[in-house]
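A closer look at the structure
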Amino acid sequence: MSIGDLARFARTLSGLSASQLFWRGRYALSRRLPPPHIPLPLQLTSDSDVARDCETLGAIPVFHRPGPGAGEVVDRLAAGEFLHLNRSEKIGRDEPDWKLGPRSRDRLWAITLHYHAWCHALAEVIAQGRNDAPIAGQLLLHYVTDWIDRCDLDCPGARDLAWNSYAISTRIGWWVRSYVLLGRAWWQARPRFHATFLASLWRQAEFVAGHLEWDLRGNHLMRDAVGLAWAGRLFSGPRPDHWLEQAAAIAGAQFSEQVLPDGGHFERSPMYHLHVMEDVLSLTLLLRDDAVRRSARDTWSRMANYLAWMRHPDGDIPLLNDAALGSACNPRDMLAKGRQCGMTSDDASCRGGRLFADTGVAVWHGDPWTVFFDVGPVGPDCQPGHAHADTLTLECSLNGRRLFVDPGTYCYDLNAARRYDRSTAAHNTVSINNSDSSEVWHIFRVGARAQPAEVCVDFSNDAMTADAAHNGYSRLSGSPKHRRRVIVRDGGELRIEDIIDGRLTHTLEGGYLLAPEWRAEISGSGWNITDGDARLRVSISGPLDMSLSIDERRWHPQFGREIAVPRLSWCCKGRLPVEVTTVVDIAR
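In this report, we go over the structure that sits alongside the text.

Cut-offs used in this document
- Residues numbered from 1 in each chain as written.
- Predicted model: local features only at pLDDT ≥ 70, side-chain atom pairs only at ≥ 80, totals over all residues.
- Heavy atoms only, no water.
- Helix = DSSP H or I, 4+ residues; strand = E, 2+ residues; numbered from the N terminus.
- Rg over C-alpha atoms; globule rule 2.2 N^0.38 Å.
- Buried < 20%, exposed > 50% of the residue type's maximum accessible area, 1.4 Å probe, protein only.
- Contact = heavy atoms within 4.5 Å.
- Areas by Shrake-Rupley, 256 points an atom, 1.4 Å probe, with all protein chains shown as cover.
- Lys, Arg positive; Asp, Glu negative; His and termini not counted.
- Charge placed at Lys NZ, Arg CZ, Asp CG, Glu CD.
- Pairing = 2+ DSSP bridges.
- Axes fitted to C-alpha atoms, helices over the stretch in contact; angles between N-to-C directions.
- Salt bridge = Lys/Arg side-chain N within 4 Å of Asp/Glu carboxyl O.
- Core = buried A, V, L, I, M, F, W, Y, C linked by side-chain atoms within 4.5 Å.
- Left-handed = near helix turned anticlockwise from the far one by under 90°.
- Nonpolar A, V, L, I, M, F, W, Y, C, P; charged D, E, K, R; others polar.
- Phe/Tyr/Trp six-rings, centres within 6.5 Å; stacked < 30°, edge-to-face > 60°.
- Lys NZ or Arg CZ within 6 Å of the ring centre and 35° of its normal.
- Patch = residues over 30% accessible without salt bridge, like charges linked within 9 Å, V, L, I, M, F, W, Y side chains within 5 Å.

1. A word on the overall build of the protein
Along the backbone of the protein there are 15 helices and 21 strands. At 25 Å, the protein has a C-alpha radius of gyration in line with the 25 Å of a compact globule built from 588 residues. Projected onto its principal axes, the C-alpha positions of the protein cover 80 × 55 × 50 Å. Evaluated residue by residue, the protein yields a buried proportion of 58% over its 588 residues. Partitioning the intrachain contacts of the protein with sequence separation of at least 6 by distance along the chain shows that 70% fall at a separation of at least 24. Surface exposure of the protein reaches about 22,700 Å², of which carbon and sulfur atoms provide 50%. A distance of 2 Å separates the average location of the 66 positive side-chain charges in the protein from that of its 71 negative side-chain charges.

Below you can see the structure in the form of structure tokens.
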């Protein structure tokens, strides 16, 4: 490892707490030791260890089940095929390939396989008594039994993904839902499978209880609490009561740590904001501690207000930081599920502007523009793993349709797609000397982090004027500093003014990634773009030697999905300071 690599590694560790480093070291050591022995209650094979009120858990709504519909799940599993994250793969039926062991490719696909949402899809078909219920029952018994036999904690490679605490906690939720959905009579007719299923579920909960993700924190720790709460409500006895107490203690502390005063989740990803909202709402329904439940309801309501603003006119989220459409419950459904559970939320379309100062995003909902301007930190110091080097980027819609989009997220692998998605050059902001504004590296690591400064946002006269700067390039020679002003007005143009202060000569590159329905052509000092209905003029002014181009880039609106789209790009090389102004106006 070079001196430069050591320095970057030190910058990456500098934001972590001592407790995170302690837990990371402890878990790294434990993985080198034999798996822990997890004892079972003597009478776990009987219904006496299942809570008498477990049927009430069926009232907790399913927020979002990723993947195909239940009927398609039956057909695919019958052929030994799994489909999720926009990719299907034959892994076999008799002896499925559960993708055990460490993986350098398709890690997210493999770990999602171990979430077992497919188990709940099969249980749904069985419970509904559909024509394909018999085959669904056979598939559920076969695949779950095979998974328990060949993916147990003692099996080689199981601890890498199958027994990852986040995966276990997610799987516990789907298993308990499936257990309740199938009903006691179904399980009593299959006593051997019943005992095996409950024993595995118990061991998984005990493992999570002893391997909480204090090293990662963030949304992982919240999901751990939800998994313990599901298991604590299904079973009865001292240990399940302890799991519920653990879940309540985690939740009570994490609500205030993870959810900022303005309601945004501290990882600054709208997708993970939705995931955490689902977990918070689950905890309001699962926990027995009244004080923590009240805190959960207040936390969810603040998150709901933030979410109401963080929607494009098409109803879905902007793709800031790690985010993908369809990976979580969409905003409208999330707010509706909350109301179904007695929460208060307003689904009316937001109008005007709002600065979420704690999260760091300025939002404008007007006519014809919707704009999201990122003026915040890339993420919390303790967990910036889902951060992109995207400070001062923006997304926008025009007349209800997305126009400028962020690149999205294709995968969580160490590859070119991951590097592209996180890079500054892939976002609608300015890159200097082909560098990233924040030092994103590996899959989830961040060294030096751009810090926003001089944020000033004004809403007046049916317009938003938002100013901000960041110091992400101060490590370069001449200490460049990027400032951006965004001005948007109802019935008017969108204006973006970039000023790069500093000294010496630098290469500057910027541009705007277009949604796939838009087409572009260079015309004079700018571009003409159209989607067949609207026609826009994008004018740009800057140094005399500035070059314009239309590049083919990649847009990743969902995990595993790639679409070629045009990017309006500009580039120049000159002595700082440099000013570049972009004006987007509807062609008259």
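2. Overview of the sheet that holds strand S8 (residues 430-432)
Backbone-to-backbone hydrogen bonds pair the strands of a sheet. The strands run either parallel or antiparallel. Sheet architecture is open: 4 strands sit in the order S8-S15-S20-S19, paired in antiparallel fashion. In the strand order of this sheet, the two ends are held by S8 and strand S19 (547-555), each with one partner. Averaged over all adjacent pairs, the angle separating strand axes in this sheet is 30 degrees, with direction ignored. The sheet contact formed by strand S15 (residues 505-513) and strand S20 (residues 563-575) spans 9 bridges and is antiparallel. Residue pairing for S20: Leu-508 is matched across the bridge by Cys-572.

3. Examining the sheet that holds strand S14 (residues 494-501)
A sheet is described by the order of its strands in space; here 8 strands give the open sequence S11-S12-S13-S14-S21-S18-S17-S16, paired in antiparallel fashion. Because the sheet does not close on itself, it has two edges, and the strands there are strand S11 (452-460) and strand S16 (519-522). Averaged over all pairs of adjacent strands, the angle between their axes in this sheet comes to 15 degrees, without regard to strand direction. Note: strand S17 (residues 526-530) against strand S18 (residues 535-541), 5 bridges, orientation antiparallel. Looking at S18, one finds that Trp-527 is bridged to Val-538.

4. With respect to the side chain of Asp-132
In this fold, Asp-132 is placed in the loop between helix H5 (117-127) and helix H6 (133-150). If we skip the residues at most four places from it in the chain, Asp-132 touches Gly-71, Val-74 and Val-125.

5. Here's the deal with the pattern of salt bridges
Inspection of the entire model under this criterion finds 33 salt bridges. The residue Arg-483 makes a salt bridge to Asp-501 at a minimum N-O spacing of 2.8 Å. Of this pair, Arg-483 sits in strand S13 (residues 481-489) while Asp-501 sits in strand S14; the two residues are 18 residues apart in sequence, bridging distant segments of the chain. By relative accessible area, which is 27% here, Arg-483 ends up partly exposed. Among the charged side chains, a salt-bridge network with shared partners connects Arg-87, Glu-89, Asp-97, Lys-99 and Asp-106.

6. Section: the nonpolar core
Core analysis: the biggest nonpolar cluster contains 160 residues, and Trp-118, Leu-140, Trp-369, Leu-403 and Leu-494 have the highest contact counts within it. Not counting residues up to four positions away in its chain, the partners in contact with Leu-403 are Trp-369, Cys-396, Ser-397, Leu-513, Leu-514, Ala-515, Trp-518, Ile-529, Leu-536 and Val-584. Counting 10 residues, the second-largest nonpolar core is a separate cluster that includes Trp-309, Cys-350, Phe-356 and Phe-372.

7. Observations concerning the pairing of S13
Where strand S12 (residues 463-470) and S13 come together, 8 bridges link them in antiparallel fashion. Bridge assignment links His-470 to a residue of S13, and that residue is His-482. Note: S13 against S14, 8 bridges, orientation antiparallel. Opposite Ile-487, over in S14, you have Arg-495 as the bridge partner. Where S13 folds back on S14, the antiparallel hairpin that results is connected by 4 residues, among which Gly-491 adopts a positive phi of roughly 75 degrees.

8. Describing the packing of helix H11 (residues 238-258) against helix H13 (residues 290-309)
Axis separation between H11 and H13 bottoms out at 10 Å; the angle between their running directions is 35 degrees. Note that H11 runs across H13; the crossing there is left-handed. Here Ala-248, Ala-251, Gly-252 and Phe-255 of H11 lie close against H13, whose contacting residues are Val-292, Ser-295, Ala-296 and Thr-299. Residues that form the contact of H11 with H13 fall into these classes: 5 nonpolar, 3 polar and no charged.

9. Considering the packing of aromatic side chains
Aromatic ring pairs are described here by two measures, namely the spacing of the ring centres and the angle between the planes. Taken as a whole, this structure holds 28 aromatic pairs when the rule is applied. Centroid distance Trp-186 to Trp-187: 5.0 Å. Interplanar angle 80 degrees. Geometry classified as edge-to-face. Under the relative-accessibility criterion, Trp-186 is labelled buried at 11%. When the centroid spacing of 6.4 Å and the interplanar angle of 80 degrees are considered together, the rings of Trp-186 and Phe-193 count as edge-to-face. Look at Phe-193 and you get buried, because its relative accessible area is 8%. Within the aromatic cluster, the residues linked to one another by ring pairs are Trp-147, Trp-175, Tyr-179, Trp-186, Trp-187, Phe-193 and Phe-197. Positioned above the aromatic ring of Trp-441, the side-chain terminus of Arg-8 is 3.9 Å from the ring centre. Its end group placed over the ring of Trp-109, Arg-87 keeps NZ or CZ at 4.7 Å from the ring centre.

10. A word on a nonpolar patch on the surface
On the surface, a nonpolar cluster with roughly 230 Å² of combined accessible area is contributed by Phe-9, Leu-13 and Leu-21. With respect to the helices and strands, the residue Leu-21 is situated in helix H2 (residues 18-30). Judged by its relative accessible area of 43%, Leu-21 is partly exposed.

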